[in-house]
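Observations on the model geometry
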Amino acid sequence: MSELTHQIGAYDAGTRTVPVTFTQGEIVHQRSVNACLDEAGEYDAEATEARVEEVARGVAQKIALGVIKAAEPEPETTEESAD
């Protein structure tokens, strides 16, 4: 199986989270991850990256177990013409 990668989105100060997209092959899993703040209460990107790495290990395990799967393809719809 291919390597799990992740992309971290912009910090949301209101929820103190960052949106993260985890990707492994055809599997794309999106979720919010609690951000890390420094002693002054400011967003700490480096510590948050480390936190996302921890979450990624759990996501990888869930993918391996089949708990997280690739999204089912949308069924194709055919439009019937009204004659």
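Residues numbered from 1 in each chain as written. Predicted model: local features only at pLDDT ≥ 70, side-chain atom pairs only at ≥ 80, totals over all residues. Heavy atoms only, no water.

**Some details on unusual backbone geometry**
Phi angles above zero are rare outside glycine, and Arg16 is one such case at about 55°. Relative to the elements of secondary structure, Arg16 occurs in the loop between strand E1 (5-8) and strand E2 (17-24). With relative accessibility at 52%, the residue Arg16 sits in the exposed group. (Helix = DSSP H or I, 4+ residues; strand = E, 2+ residues; numbered from the N terminus. Buried < 20%, exposed > 50% of the residue type's maximum accessible area, 1.4 Å probe, protein only.)

**Brief notes about the pattern of salt bridges**
Scanning all chains against the criterion turns up one salt bridge. As a salt-bridge pair, Glu54 and Arg51 come within 3.4 Å of each other at their nearest N and O atoms. Pair noted here: Glu54 and Arg51 are both in helix H1 (residues 45-65), with a separation of three residues, about one helical turn. (Salt bridge = Lys/Arg side-chain N within 4 Å of Asp/Glu carboxyl O.)

**Looking at the packing of aromatic side chains**
For the coordinates displayed, the defined rule picks out one aromatic pair. Taking the centre distance of 4.5 Å and the plane angle of 15° together, the rings of Tyr11 and Tyr43 count as stacked. With a gap of 32 residues between them, Tyr11 in the loop between E1 and E2 and Tyr43 in the loop between strand E3 (27-34) and H1 connect regions that are remote in the sequence. Judged by its relative accessible area of 30%, Tyr43 falls in the partly exposed class. (Phe/Tyr/Trp six-rings, centres within 6.5 Å; stacked < 30°, edge-to-face > 60°.)

**Some thoughts on the pairing of E3**
Along any regular strand the residues' side chains alternate between the sheet's two faces. Where E2 and E3 come together, eight bridges link them in antiparallel fashion. Bridge assignment links Thr21 to a residue of E3, and that residue is Gln30. If you look at the hairpin formed by E2 and E3, you'll find two residues sitting between the two strands, and Gly25 has a positive phi there, around 60°. (Pairing = 2+ DSSP bridges.)

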